[in-house]
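A structural walkthrough
One letter stands for each residue in the lines below.
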Amino acid sequence: MSGSKAAASVAARFRLPGEIVVVEPHGRGHINDSYIVVVTADVGRRRYLLQRINDHVFRQPAEVMQNIQRVTTHITNHPSASEQQKSLVLVPANDGRPFYTDYCGGYWRMYPFIERTRVFETVGAPAIAEQAGRAFGRFQVLLADLPAPPLEETLPGFHDTGNRASAFREAIAADTQRRVAAVRTEVAFVEQRSGECGRLADLLWKGALPERVVHNDAKISNVLFDAEGDVAVCIVDLDTVMPGLAVHDFGDMVRSMTCRAAEDEPDLSCVRVDLELFEALARGYVLETRSVLTDRELDELVHAGWQITLEQGVRFLMDYVQGDVYYKTQRSEHNLERARTQFKLVESLEAHERELNEIVQRVRCEG
Ligand code: GN1
Ligand code: MG
């Protein structure tokens, strides 16, 4: 059965208010399969987002869904959440559960599609970076009072960059696809920097940085803006919301919001940190998290940008070396191109480290 056909039969297993008229692929994301479901109801046409969870990546999909259920319920009842953020709720399956399992054991879930919004794949102006920084900051603050128990750690060590570097070393040594010879320069790039990869995990272990509920995939395309593209109104993609470090999210924001090029831009001459975008992002994020973040967390913002960008490059390169088994790709060297783009940005972050720290100092003193 084709993906869309299977999705159409699964869509009927959810509590929808009318007749399903269209089910079509929604080509976003590197991991899960997503579909748009259109329903005609008495109240008019309604769209939904149906997703099949990738169970090679998420080994415990039921725990992922339990986390999402807790997070969406908390946010829906939160007095300071936006209307759009509150509308990110799970559509129950016909049996009342927040997901449906098909006859192969696949996990599916559905959300109402949040209409009158738009998504950016790259950041073209400081105002967008500031809005996105504010939106992720508010998201972290909304979850700061999530009641116990802690969320499940569905992807253990997700941002443990040191562990990622060790796994990478093993993949290089195994070289199952015979691709390592072609990426010696990139492997050396990572090796030269591996000493600094463990810093955030060490600070967490020593208790210098607090564990919080964070998003863990804080990239620009996970922010919904209003239809005009001026105001960030909702954070989406809750699969990886789990315990972690606030600065991991900021690091992912630096990675995806301070460079005007896309994460897979093959022309490396346009890949560099834009200090205006960085300043706007830092201002937005610090403004919103002021009441929650510690000084030690703010001290690590610039390092986190470097570390998470390097980590993402290591992950893309490792997938290339292992034969493109984790991320979806659109072309044969896609993962390698993605890795090179991350490494170019790492170099640029290194070259501008002093200015980036000065910007953070300035932003911290404002207001
Ligand atoms: C993956 O599937 P998607 O696009 O939301 C990945 C993130 C990476 C991101 C890079 C579970 O996210 O960690 O940062 O790609 N998610 C997982 O764009 O590995
Ligand atoms: Mg994601």
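Details of the pattern of salt bridges
Tallied over the entire structure, the rule returns 26 salt bridges. A salt bridge links Glu337 to Arg331; the shortest N-O distance between them is 2.8 Å. Taking relative accessible area as the criterion, Glu337 reaches 21% and is therefore assigned partly exposed.

Some details on the coordination of the magnesium ion (ligand 2)
Looking at the metal site, the magnesium ion (ligand 2) is ligated by Asp217 (OD) and Asp237 (OD), spaced 2.0 Å from it. Of this pair, Asp217 sits in the loop between β7 (212-214) and β8 (223-226) while Asp237 is found in the loop between β9 (232-235) and β10 (242-244), placing the two residues 20 residues apart along the sequence. Among the residues examined, Asp217 registers a relative accessible area of 18% and is labelled buried.

Some thoughts on the sheet that holds strand β2 (residues 33-41)
Read across the open sheet, the five strands follow the order β1-β2-β3-β5-β4; overall the sheet is antiparallel. What marks the edges here is a single partner per strand, and that holds for β1 (19-25) and β4 (100-101). Here β4 pairs with strand β5 (residues 107-112) via two bridges, running antiparallel. Among the inter-strand pairings, Tyr100 is bridged to a residue of β5, identified as Trp108.

Observations concerning helix α12 (residues 334-351)
The end-to-end C-alpha separation of α12 is 26 Å, in line with the 26 Å expected for 18 residues at 1.5 Å each. Every buried residue belonging to α12 is among His334, Asn335, Leu336, Arg338, Ala339, Thr341, Gln342, Phe343, Leu345, Val346, Ser348 and Leu349, and all of these are buried. In this structure, the buried side of α12 is in contact with α6 (184-193), α8 (246-257), α11 (301-321) and α13 (353-365).

Digging into the packing of aromatic side chains
Evaluation of the coordinates by the stated rule reveals eight aromatic pairs. Geometrically, the ring pair formed by Phe316 and Tyr327 is tilted, given 4.8 Å between the ring centres and 55 degrees between the ring planes. Remark: Tyr327 occurs in the loop between α11 and α12 and Phe316 occurs in helix α11; sequence separation between them is eleven residues. In this pair, the class of Phe316 matches that of Tyr327, namely buried. Ring centres of Tyr326 and Tyr327 lie 4.8 Å apart, and the angle between their planes is 75 degrees; this geometry places the pair in the edge-to-face category. With a relative accessible area of 28%, Tyr326 lands in the partly exposed category.

Description of the pairing of β5
For a regular strand, the rule is simple: side chains alternate between the two faces of the sheet. Of all six residues that make up β5, five are buried, and the element is covered over most of its length. The pairing of strand β3 (residues 44-52) with β5 spans five bridges and is classified as antiparallel. For Gln51, the partnering residue across the bridge sits in β5 and is Arg109. Remark: five residues form the turn of the hairpin made by β4 and β5, two consecutive strands paired antiparallel; Gly105 in that turn has positive phi of roughly 90 degrees.

Re the site of ligand 1
Around ligand 1 there are 15 residues in total, and Lys219, Asp237, Gln312, Arg315 and Tyr326 lie nearest to it. Between ligand 1 and the protein, one listed contact pairs an oxygen atom with a side-chain N or O atom of Glu263 at 2.9 Å. For ligand 1, whose accessible area on its own is 450 Å², the fraction buried by protein is 95%. Within the shell around ligand 1, the residues separate by chemical class into five nonpolar, four polar and six charged.

Things to note about the sheet that holds β9
Strand order across the open sheet formed by three strands is β6-β8-β9, with antiparallel pairing between neighbours. Because the sheet does not close on itself, it has two edges, and the strands there are β6 (117-118) and β9. In the sheet, β6 pairs with β8 via two bridges, with the strands oriented antiparallel. Its bridge partner being in β8, Thr117 is matched across the sheet by Asp226. Strands in contact with helix α4 (residues 126-143) are β8 and β9; relative to β9, the strand with the most contacts, it is inclined by about 45 degrees.

Considerations on helix α9 (residues 275-289)
Here α9 spans 21 Å end to end across 15 residues, near enough to the 21 Å set by a 1.5 Å rise per residue. Among the 15 residues in α9, eleven count as buried, and that is most of the element. Residues Leu277, Phe278, Glu279, Ala280, Leu281, Ala282, Gly284, Tyr285, Val286, Glu288 and Thr289 constitute the buried set of α9. If you check the start of α9, you find a side-chain oxygen 2.9 Å away from the backbone N of Glu276, and it comes from Asp274.

Brief notes about the side chain of Arg193
Inspection of the secondary structure puts Arg193 in helix α6. Side-chain polar atoms of Arg193 contact the backbone oxygen of Phe189, separated by 3.0 Å.

A closer look at the side chain of Thr309
Locating Thr309 in the fold gives a position in helix α11. Setting aside anything within four residues of it in sequence, one finds Thr309 in contact with Gly251, Arg255, Gln342, Leu345, Val346 and Leu349.

Structural notes on the packing of α4 against α8
As a packed pair, α4 and α8 sit with axes 11 Å apart at the nearest point and diverge in direction by 160 degrees. As far as their axial angle goes, α8 and α4 are roughly antiparallel. Seen along the crossing, α4 lies across α8 with a hand that is right-handed. Between α4, through Ala129, Ala132, Gly133, Phe136 and Gln140, and α8, the contact on the second element is made entirely by Ala246, Asp249, Met253 and Met257.

Brief notes about the nonpolar core
Most often, soluble globular proteins keep nonpolar side chains buried together rather than apart. Membership of the largest hydrophobic core comes to 102 residues, with the highest contact counts inside it found for Val223, Phe250, Met257 and Phe278. When residues of this core are assigned to their parent elements, the largest contribution, eleven residues, is made by α11. Aside from chain neighbours lying at most four places away, what touches Phe278 is Phe250, Val254, Thr258, Val273, Val302, Leu356, Ile359 and Val360.

Conventions used here
Residues numbered from 1 in each chain as written. Chains lettered and ligands numbered in written order. Predicted model: local features only at pLDDT ≥ 70, side-chain atom pairs only at ≥ 80, totals over all residues. Heavy atoms only, no water. Salt bridge = Lys/Arg side-chain N within 4 Å of Asp/Glu carboxyl O. Buried < 20%, exposed > 50% of the residue type's maximum accessible area, 1.4 Å probe, protein only. Donors = N, O, S within 2.8 Å, 3.2 Å for Na, K, Ca; no water. Helix = DSSP H or I, 4+ residues; strand = E, 2+ residues; numbered from the N terminus. Pairing = 2+ DSSP bridges. Expected span 1.5 Å × (residues − 1). Contact = heavy atoms within 4.5 Å. Phe/Tyr/Trp six-rings, centres within 6.5 Å; stacked < 30°, edge-to-face > 60°. Near = heavy atom within 4 Å. Polar contact = N/O pair within 3.5 Å; in protein donor to acceptor, adjacent residues only side chain to side chain. Areas by Shrake-Rupley, 256 points an atom, 1.4 Å probe, with all protein chains shown as cover. Nonpolar A, V, L, I, M, F, W, Y, C, P; charged D, E, K, R; others polar. Axes fitted to C-alpha atoms, helices over the stretch in contact; angles between N-to-C directions. Parallel < 35°, antiparallel > 145°, perpendicular 65-115°, else oblique. Left-handed = near helix turned anticlockwise from the far one by under 90°. Core = buried A, V, L, I, M, F, W, Y, C linked by side-chain atoms within 4.5 Å.

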